[in-house]
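# Inside the fold
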Amino acid sequence: MAGVLGTSIRRREDPALITGRGRYTADLERPGMVHAVVVRSPHAHARLRGVDVTAAAAAPGVLAVYSGADVVASGVGGVVPTAWLLPDLKTPPHPLLATEVVRHVGDGVAVVVAESVYAARDAAELVAVDYEPLPAVTDPRAATTEGAPQLYAEAPGNVAFDWQLGDAAAVEGAFAGAARTVELELRNNRLIPHAIEPRAALAEFDERRGALTLWMTSQNPHVHRLLLSLASLGLPEHKIRVIAPEVGGGFGSKIHHYPDEALTAWCAMQLKRPVKWTATRSEANQTDAHGRDHRTRAALALDGDGRILGLRVRTHAAMGAYLSTFAPAVPTYLYGTLLSGQYDIPAIHVRVTGTFTNTAPVDAYRGAGRPEATFVVERLMDLAARETGLDPAELRRRNFVPPDAFPYQTQVALQYDSGNYEPALDRALEAVGYAELRAEQRRRREQGGKLLGIGLSSYIEACGLAPSQVVGALGAQAGLWESAKVRVHPTGTVTVYTGSSAHGQGHATTFAQIVADKLGIPVENVEVRHGDTDEVPFGMGTYGSRSAAVGGSAIAVSVDKVIAKGRRIAAHLLEAAENDVVFEEAKFFVRGAPAQSKAWGEVVLQAYLAHNLPDGVEAGLEETTFYNPANFTFPFGTHVAVVEVDPETGEVAIARY
Amino acid sequence: MGFPISVEVNGVERRAEVEPRQLLVHWLRDALGLTGTKVGCDTSLCGACTVLVDGRAVKSCTQLAVQADGSRVTTIEGLADDGELQVLQRAFWEEHALQCGYCTPGMILAAAGLLAQEPDPEETAIRQALKGNLCRCTGYHNIVKAVRRAAAGGE
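A brief look at the structure comes next.

## Quick look at the packing of helix H14 (residues 507–519) of chain A against helix H15 (residues 547–574) of chain A
All names here are of chain A. Running from amino to carboxyl end, H14 crosses H15 at an angle of 35 degrees, the nearest separation of the two axes being 10 Å. For H14 against H15, the interelement crossing comes out right-handed. Contacts between H14 and H15 involve His507, Thr510, Phe511, Ile514, Val515, Lys518 and Leu519 on the former and, on the latter, Ser547, Ala548, Gly552, Ile555, Ala556 and Val559. When its residues are assigned to classes, the contact of H14 with H15 shows eight nonpolar, four polar and one charged.

Structure follows, in C-alpha cells:
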C-alpha cells in the first residue's frame with residue numbers, strides 16, 4: 001500500500017530460510033547426478049610435465065577423469081575471459097584446466113567425476129601430476145623488479161597494465177610550491193572474501209535440445225551466461241540457462257566467472273549426466289578471487305594553513321595469476337577516481353601498475369577499489385595532521401569540498417552530485433564525545449598506563465555502479481544499467497522480473513514494497529522473481545551497492561509506465577481527458593471529481609479484455625525498462641574508532657566505535 | 001563396508017548402513033535429504049552444520065554418522081512443531097537476524113543448545129555460546145537480540 005516503502009516489514013525471504021527449506025546450489029539434486037572434484041596445484045608456479053589419470057580413472061565409482069588436454073581436444077573455447085579492457089592490457093588466456101604451466105596454488109590440473117563425492121575425492125588423490133617447480137613471485141611490486149620470475153612471455157616485467165589518471169605536471173607544480181609535504185608507504189593487504197556458502201555449480205545438459213542448465217552461486221547470472229557462451233563452452237547464449245537459486249552471500253566473489261563452474265558444465269556436456277561441484281573451504285581459499293593487495297607510495301602537498309595543494313599516488317596492484325572478470329577495473333576505475341575523497345584537491349595524479357603474481361586472481365571484493373582509495377587518502381590526512389600539529393578533525397574541515405561547490409568536479413574524472421561533509425563529521429565527533437576523548441588521551445599520556453588512540457575516517461563512495469557510457473569509455477565490455485519487467489495480471493496482482501540478483505539483500509521484500517507503494521496495492525499482491533536467465537530480462541546483477549539505486553529505479557520506472565497506460569485506458573472509460581485523470585491509492589479518478597473513478601482492478605481487467613480500449617492502445621498491461629542512471633550516487637560519512645593500547649604488551653583493544 | 005546405525009532424526013527412527021568414515025552432516029544431507037543443515041568449511045570453524053544431538057549443540061561435520069548411533073538428532077527441519085515456528089525461529093524473523101540465511105540453521109540450533117542449558121542467558125553468555133558460528137553478512141547484533149528475545153519468550 002502507499003506508504004509501505006520505508007516501513008519496517010518482516011522479510012518474505014525468511015520463513016524458508018529459518019526452517020531449513022532454503023534451497024542453495026549444493027542442496028539441489030537431479031536424477032542421475034554425479035559429482036566433480038578438481039585436482040589442484042600445490043605449487044605457486046610449476047611446469048606441468050605430465051598428468052597421469054590412469055589409476056584415478058580405474059578407481060571405484062569413477063566415470064571420467066579429464067585433464068587440460070581433454071578440454072582443449074573437445075574444441076570448445078575453454079577459457080574464462082576478463083570483461084574489462086584497459087589500453088594495452090595484456091590478456092593471456094585463463095584455461096578451464098592448466099595445460100603447460102600452473103601459476104598459483106589451487107590452479108586446476110584435472111577433474112574427476114564419480115558417483116559420489118567421497119569416490120571422487122578418493123580418485124582425485126590417485127591423479128599423478130608431474131610438476132617441475134619454478135620460482136614464484138607473490139608481491140605486486142617485487143613482480144616488476146629486474147630478475148623477478150616471469151609469468152607470461154607476452155607480459156614483460158609481469159606488467160598487465162600501466163594506467164594513469166590526473167595531471168602529473170600540475171601535481172609537480174603543487175609539490176614545488178608547497179609549505180609542507182608528507183609521504184607514506186602503504187600496504188593494503190590481500191583478503192579472501194569468504195562468503196559463508198562456498199561456490200557451487202550443478203549442470204545438466206539436455207541432449208535433445210542441445211541446451212545446458214546451470215544452477216550456480218552467482219551474483220549476476222546473465223553475465224555468467226554471456227561469458228560461458230562467448231569463451232568457455234562453445235554453446236550459444238540462447239542454449240544456456242543460468243539459475244542462481246538461494247545464494248549464501250557473495251561480497252563480490254560470486255560476480256566473477258571462474259573455471260570451475262564452466263568445467264562442471266563442460267563435464268555434464270561430455271558425460272550427458274547432471275554434474276555437481278561444490279568447493280570446499282580450502283578450495284575457496286585458493287580459488288575465490290581475492291581482494292585488495294596493493295603496494296602504494298603516496299604523498300600530499302599542503303600550504304601553510306594545512307590546505308591540500310596536491311596529491312600524488314603510485315600503486316602496484318596484484319592481478320594474481322590470471323585476469324579475473326572485472327579485475328582491471330578495480331584498482332583503476334574504482335580506485336583512482338576516488339582519490340579526491342571528501343576533499344577539494346586542486347591537483348591529483350595517480351599511476352597504477354597492475355601486475356601478474358603467482359597468487360589467486362584478485363578482483364572486486366566489498367567496496368572494491370574504493371576502500372583502498374579511502375585508506376590512502378585518510379592515512380595521509382592523519383599523517384599531515386601529525387606533521388602540521390593540527391587536530392585531525394580540523395585538518396579535514398579545512399579541506400572538505402564546501403556544500404555550495406556541488407556539483408563538484410574532481411581532478412580524477414568523477415563529478416560528485418551532492419554532499420555536505422562537515423555535519424557528518426560533527427555528528428560523529430559529538431556521538432563519540434570527541435573533546436573529552438582528546439582530554440582523556442592527554443591525561444593518559446601524562447599519567448602512564450593504557451594509552452588511548454582515536455582514529456577518524458571521512459570517506460566517500462561511488463555507489464550504484466553505472467552509467468553505461470562512462471564505464472564503456474573506461475574499458476567495460478558491458479553496460480551497467482539494470483532491467484525490470486513489471487507484469488500486471490488480469491486480476492490486478494503483479495509479478496516483477498528484475499535483472500538484479502539477490503544473495504542475502506532481501507530484494508523480494510524491498511522490491512515488492514516499491515511496487516506496492518507506487519500502486520497502492522497490498523504488498524502481498526506483488527511477487528518478485530530474480531536469478532533465472534530464462535525467466536527475467538537480461539540483467540547486470542547485484543554488486544557495488546547498485547540493487548536499490550539502479551535495479552529499484554528500473555522497477556519504479558516500469559511501474560510509472562504501467563500507470564501511464566492505465567491512465568489512458570481509464571480516461572477513455574471515464575470519457576475524460578487523459579491529463580485530467582489522476583492515479584492515487586489504486587484508483588484512477590477525474591481531477592476535482594473523485595466520484596468519477598475507476599478502480600485499479602477494473603482498469604487492469606479492461607486492459608486484458610480489450611473490448612473497449614482507446615485507439616492505439618494495445619491489450620495487456622506489462623512494461624519493461626532498461627534503466628541507465630545518469631551518474632553514481634555518492635554516499636559519505638565519518639567513522640570514529642577509539643582503541644586502548646597497552647604500551648607494555650602492544651595489545652590493542654577496541655574501546656568505542 | 002556398511003555399518004548399521006539407528007538414529008532418531010527429528011522424531012523419526014532412521015536405520016541405515018553407513019560407511020564408517022561418513023560424516024554425520026553428509027549422512028543427514030545426502031542420505032536423508034535434510035539439506036537445511038549446511039556445510040561452510042572443512043575445519044569445524046564455521047558452525048553452519050550445527051545440529052542437536054541428544055539436546056546438545058554439535059557440529060555435525062566433526063562427528064561421524066556411526067557415532068550418532070542410538071542418539072536423538074534434531075535438525076532445523078525438526079525444530080518447528082507441526083508447522084508452528086519455534087520461538088527462536090520466530091525471534092530470528094522478527095529481529096531481522098538473517099540476511100543470506102546460510103548460517104542461520106546452525107545459528108538457531110547453537111542457540112537452541114544454549115537455551116536448553118541456560119534458559120535466560122546474558123548477552124555475554126550468548127556471544128560466548130555462538131562463538132563457534134560465523135555469519136559473514138555480519139549480522140551478529142541482531143542474532144544476539146533474537147536469542148535474547150527468544151529467551152524472553154519471544155516477546
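Past the structure itself, the notes keep going.
## Quick notes on unusual backbone geometry
All names here are of chain A. That bond from Phe406 to Pro407 is cis: its omega, -5 degrees, falls within 30 degrees of zero. In this fold, Pro407 is placed in the loop between helix H10 (392–399) and strand E16 (408–409). With a phi angle near 65 degrees, Asp293 is a residue other than glycine that sits in the positive phi range. You can see Asp293 is positioned in strand E13 (residues 291–302). Judged by the 25 C-beta atoms lying within 10 Å of it, Asp293 is buried. Despite not being glycine, Arg366 has its phi angle at roughly 25 degrees, a positive value. Relative to the elements of secondary structure, Arg366 occurs in the loop between strand E15 (348–356) and helix H9 (370–388). Owing to 15 C-beta atoms within 10 Å, Arg366 belongs among the partly exposed residues under this scheme.

## Side note on the nonpolar core
Membership of the largest hydrophobic core comes to 237 residues, with the highest contact counts inside it found for A:Ala110, A:Val112 and A:Val515. Among all residues touching A:Ala110, those that are not within four sequence positions of it are A:Val39, A:Val51, A:Val53, A:Val65, A:Tyr66, A:Ser67, A:Leu97 and A:Val127.

## Overview of the interface of chain A and chain B
Quoted interface sizes are often the accessible area lost when the parts come together. Facing 25 residues of chain A, the contacting portion of chain B comprises 29 residues. The biggest single contributor to the side of chain A that touches chain B is helix H1 (residues 14–18) of chain A, with three residues. Per-class residue counts for the side of chain A that touches chain B are seven nonpolar, 10 polar and eight charged.

## A few points about the sheet that holds strand E27 (residues 652–656) of chain A
Residue and element names in this part refer to chain A. Read from one edge to the other, the open sheet built from three strands follows the order E18-E26-E27, with strand pairing classed as antiparallel. A strand with exactly one partner marks an edge of an open sheet, and here the two such strands are strand E18 (451–460) and E27. Within this sheet the neighbouring strands show an average axis-to-axis angle of 35 degrees, counted without direction. Direction of pairing for strand E26 (residues 636–645) relative to E27: antiparallel, over a ladder of four bridges. Each residue of the ladder has a partner; that of Val645, found in E27, is Val652. Against the sheet, helix H12 (residues 434–447) engages E18 and E26, with an angle of about 145 degrees to E18.

Calculation notes
Residues numbered from 1 in each chain as written. Chains lettered and ligands numbered in written order. Predicted model: local features only at pLDDT ≥ 70, side-chain atom pairs only at ≥ 80, totals over all residues. Axes fitted to C-alpha atoms, helices over the stretch in contact; angles between N-to-C directions. Helix = DSSP H or I, 4+ residues; strand = E, 2+ residues; numbered from the N terminus. Left-handed = near helix turned anticlockwise from the far one by under 90°. Contact = placed C-beta atoms within 7 Å. Nonpolar A, V, L, I, M, F, W, Y, C, P; charged D, E, K, R; others polar. Buried ≥ 20, exposed ≤ 12 C-beta atoms within 10 Å, placed from the backbone. Core = buried A, V, L, I, M, F, W, Y, C linked by C-beta atoms within 7 Å. Pairing = 2+ DSSP bridges.

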